[in-house]
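Listed below are the residues making up each chain.
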Amino acid sequence: MATYLSLQTAPAWFIALPDTAAAAPFAARAHRYATRSLLHASGRPWLVGRWEEPAAVLGRCGGTRIAVIGEHAVTEHYLEQAAAATGPASLSALDRAARRPGSFHLVASVGGRVHVRGGIVNLRRVFHTETTACGPVSVASDRADVLAELIDADLDERRIALELLTSGAPYPLSAPPLWRGLRAVPAGHCLTLDADGRTTMRRWWSPPDPVLPLAEGARQLREALTEAVGVRTRGRELVTADLGGLDSTALCCTAARGDTKVVAYTAALHDESGDDVHWARRTVQELQGIEHHVVPAEDTAMTFDGIDTLHDILDTPSIITVDRNRRMGIVEMAAARGSHLHMTGLGGDELLAGTPARLHSLLLTHPSTALRNIRGYAAKYQWPRRATLRQLLDRRSYRSWVGRVARDLTGPPPGTNTPLLDWSTPPRMAPWATPDAITAAREQIGAALAGIEPRGRGHGEHRELVAMDGISQWTRHIGQMAAPLGIAVAAPYYDTRVIETCLAVRPQERITPWRYKPLIVEAMRGVVPETSRTRDTKANATFEEEVGLREHRRRLLALCDDSRLAQLGLIDANILREWCRRSLAAETESYLLHPTIACEVWLRSREMTPPRHGNAVPAQPLADRKE
């Protein structure tokens with residue numbers, strides 16, 4: 001790479017290095033751009049990067065070092081106890097530490113090995129690579145772009161073809177980074193770096209069995225959310241929060257029960273049917289004490305606003321890009337208000353509404369309940385009877401489903417009334433994709449087919465976990481957009497205990513067409529005011545999408561000029577240009593633009609010239625202390 005864009009400009013990142021002299025060149029390069037570092041017991045570099053000091057806690061005992069970086073309430077004393085209990089042959093203490101409330105990376109140096117863990121979804125990711133440039137060595141990072149720059153990796157243009165798929169590449173093909181030689185650690189797995197250059201992975205988390213009654217699950221969820229919110233608010237004078245749908249309302253009301261000042265924001269929609277402001281005002285009126293700001297619709301950005309001038313440094317393309325200015329408007333207001341942490345309700349839908357695909361398993365264990373719910377969903381979403389039965393009775397494997405995806409990439413997209421009982425919504429290639437892009441996508445799916453396994457046990461668990469991976473990745477991107485403002489974006493619904501609690505509830509009680517998110521409704525008794533707790537509506541931004549396309553058409557057309565994707569031979573810019581000129585329906589046509597626009601914007605952002613790094617603060621090793 002000609003420039004080290006992310007190493008120089010990303011406000012927060014780290015690399016983890018094995019305890020070997022072969023890692024020294026990588027540590028030296030990273031040190032040029034880092035502001036902090038931690039050492040192995042040997043004195044060699046272990047963690048190098050940029051992070052705010054309160055976000056990192058270190059515990060050590062003997063030759064063991066354990067660091068936690070992120071949103072947490074882990075103390076040095078706790079990590080010292082964990083380090084004392086952790087030996088080369090036992091990682092159980094690390095497993096327990098990784099389940100603490102919050103969202104964080106856990107990195108340990110134990111017995112000559114380095115163990116790196118992210119989260120159980122894609123909010124906290126881990127990437128790694130192996131090289132023999134200075135002897136065999138493996139390194140890991142929380143950002144793929146930082147790691148790619150560290151080893152001068154080349155962009156994998158063929159991999160970008162998968163990013164063009166509507167609704168995303170099928171699991172696990174959506175996870176690999178876009179640079180050659182880099183790999184991603186699956187969520188819920190621990191990466192181990194050996195001093196001799198080898199890497200191993202171990203699963204440390206699996207979904208719980210769904211056996212809890214709703215009442216018990218609600219009690220546990222209330223405790224888990226109270227704990228998760230407390231981790232973010234404790235010790236702060238002020239936090240900000242979204243106050244929109246039921247999920248963010250639950251977080252906001254939970255935070256308001258503490259001692260920290262809560263400042264809530266609600267964005268009014270241009271569509272008159274959007275009722276978030278109505279419900280937010282009722283909530284604030286009942287609670288008292290919350291500082292509430294309503295953002296008028298005319299001050300809320302439309303979809304595609306500023307799409308040709310964005311300069312966010314993300315480590316993967318993100319369809320959040322098309323709504324960047326709309327979503328970031330409140331975050332920017334929160335930062336201006338003086339907040340250093342903003343809470344969002346993202347993650348609640350996948351956990352609390354769940355997926356009707358759970359009916360596959362329910363049909364075998366509770367057939368009468370399953371059939372009743374099938375009729376309810378079919379009536380609610382106007383599913384055709386024949387298509388519903390076909391999906392429900394389809395017992396083919398996930399591997400077989402992915403094989404059909406590869407075959408049907410250029411087929412017509414599923415209709416808006418397609419049942420939601422399959423492994424996922426089958427992705428399609430956009431009409432402007434070139435034959436080379438289609439071939440590249442098919443070949444990559446085909447090459448991975450033999451080893452593909454579903455994310456979860458059965459259609460429902462798989463679909464929910466994949467959805468959590470996808471939306472948590474969006475949340476991660478919003479966090480990367482917000483970091484330069486000095487504010488963290490927190491998503492408590494992605495905490496391990498919160499996810500486990502929700503997934504442990506019986507699906508026939510958690511997921512039903514007859515009640516709206518019954519688990520959070522029951523969990524929030526006495527927390528959310530009764531006037532808001534049983535709300536069963538959810539606003540959407542279809543109006544913002546369709547009007548945004550009309551208002552910002554010139555910006556979209558500007559991206560078609562000198563298109564980077566066209567230069568790579570992945571799209572036909574003329575066909576894309578014709579689509580951008582048309583009037584498109586948001587739910588059936590406009591959304592096809594999102595992955596392509598995200599990739600185009602991302603490729604352009606990688607060409608930016610980074611600022612001079614001469615003002616960077618040199619990394620300082622942690623001062624030695626007596627054991």
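Residues numbered from 1 in each chain as written. Predicted model: local features only at pLDDT ≥ 70, side-chain atom pairs only at ≥ 80, totals over all residues. Heavy atoms only, no water.

Engineer: Give a description of the packing of helix α7 (residues 214–233) against helix α18 (residues 496–503) that names residues and reports values.
Structural biologist: Running from N to C, α7 and α18 point in directions that differ by 170°, and their axes come no closer than 9 Å. Here α18 runs roughly antiparallel to α7, going by the angle between their axes. For the pair α7 and α18, the crossing hand works out as left-handed. Taking contact as the criterion, the partners of G217, Q220, L221, E223, A224, L225, E227 and A228 in α7 are, on α18, R497, V498, T501 and C502. Here the residues of the contact of α7 with α18 sort into six nonpolar, three polar and three charged. (Axes fitted to C-alpha atoms, helices over the stretch in contact; angles between N-to-C directions. Helix = DSSP H or I, 4+ residues; strand = E, 2+ residues; numbered from the N terminus. Parallel < 35°, antiparallel > 145°, perpendicular 65-115°, else oblique. Left-handed = near helix turned anticlockwise from the far one by under 90°. Contact = heavy atoms within 4.5 Å. Nonpolar A, V, L, I, M, F, W, Y, C, P; charged D, E, K, R; others polar.)

Engineer: Give me the environment of R326: which residues, what numbers.
Structural biologist: Take R326: it is sitting in helix α10 (residues 324–336). Between the C-alpha atom of R326 and that of A301, which follows or precedes it by 25 residues, the distance is 4.6 Å. When sequence neighbours within four positions are dropped, the list of residues in contact with R326 reads T300, A301, T303, A541 and E544.

Engineer: Would you mind going over α10 in detail, with residue names and values included?
Structural biologist: A rise of 1.5 Å per residue sets the reference length of α10, with its 13 residues, at 18 Å; its end C-alpha atoms lie 18 Å apart and thus fit the reference within 8%. In the structure, α10 departs most strongly from a straight axis at I330, where the bend amounts to approximately 25°. Along α10, the positions that sit buried rather than exposed are R324, M328, G329, I330, V331 and A334. Where α10 is buried, its residues meet β13 (238–242), β14 (261–267), β15 (291–295), β16 (341–343), α17 (458–482) and β17 (488–490). The positive-phi residue at the C-terminal boundary of α10 is G338, with phi of around 105°. (Expected span 1.5 Å × (residues − 1). Bend = angle between axes of the 7 residues up to and from the residue. Buried < 20%, exposed > 50% of the residue type's maximum accessible area, 1.4 Å probe, protein only.)

Engineer: Break down the pattern of salt bridges for me, citing the residues and quoting the values.
Structural biologist: Pairing between side chains becomes possible if they bear opposite charge and their charged atoms approach one another. Under the definition given, this model contains 53 salt bridges. Residue R396 pairs with D394 through a salt bridge whose shortest N-O separation is 3.2 Å. In this structure R396 comes out as partly exposed when scored by relative accessible area, which is 44%. Salt bridges sharing partners connect three or more residues here, namely E216, R219, E223, E227 and R497. (Salt bridge = Lys/Arg side-chain N within 4 Å of Asp/Glu carboxyl O.)

Engineer: Could you give me a rundown of the pairing of β14, with the residues and numbers involved?
Structural biologist: Here β14 lies mainly inside the structure; five of its seven residues are buried. Running through helix α8 (residues 246–256), the crossover from β13 to the neighbouring parallel element β14 is right-handed. Judged from the five bridges that link them, β14 and β15 form a sheet pairing that is parallel. Counted as the bridge partner of T266 is V294 from β15. Considered for its hand, the β-α-β crossover made up of β14, helix α9 (residues 276–287) and β15 is right-handed. (Right-handed = clockwise from strand over helix to strand, strands pointing away. Pairing = 2+ DSSP bridges.)

Engineer: Tell me about the packing of aromatic side chains, residues and numbers included.
Structural biologist: Inspection of every chain in the model, using the stated rule, returns eight aromatic pairs. For the ring pair Y377 and Y381, a centre distance of 6.2 Å and an interplane angle of 10° mean the geometry is stacked. Linking Y377 with Y381, this pair stays in helix α13 (residues 367–381), spanning four residues, or about one helical turn. When its relative accessible area of 38% is taken as the criterion, Y381 is described as partly exposed. Measuring from centroid to centroid gives 5.9 Å for Y381 and W383, while their planes differ by 25°, and the two rings are stacked. Grouped by ring-pair contacts, the aromatic residues Y377, Y381 and W383 constitute a single cluster. For the cation-ring pair, R100 lies above Y78, with the distance from its terminal atom to the ring centre recorded as 4.4 Å. One cation-aromatic arrangement involves R582 over W579; the distance from NZ or CZ to the ring centre is 4.3 Å. (Phe/Tyr/Trp six-rings, centres within 6.5 Å; stacked < 30°, edge-to-face > 60°. Lys NZ or Arg CZ within 6 Å of the ring centre and 35° of its normal.)

Engineer: Explain the sheet that holds β15 residue by residue, including any values.
Structural biologist: Whenever strands of a sheet pair, they do so through backbone hydrogen bonds, lying parallel or antiparallel. Ordered by their spatial adjacency, five strands build an open sheet running β15-β14-β13-β16-β17, and the pairing between neighbours is parallel. Each edge of the open sheet carries a strand with a single partner, namely β15 and β17. Put simply, the sheet's adjacent strands are angled 25° from each other on average, direction ignored. Packing of α7 onto the sheet brings it into contact with β13, β16 and β17, and relative to β16 it is tilted by some 155°.

Engineer: Which residues make up the side chain of T300, and what values go with them?
Structural biologist: Tracing the backbone shows T300 in the loop between β15 and α10. For T300, the side chain forms a polar contact with the main-chain oxygen of P296, separated by 3.2 Å. Contacts of T300, omitting those with residues within four sequence positions, involve A267, A268, H270, V295 and R326. (Polar contact = N/O pair within 3.5 Å; in protein donor to acceptor, adjacent residues only side chain to side chain.)

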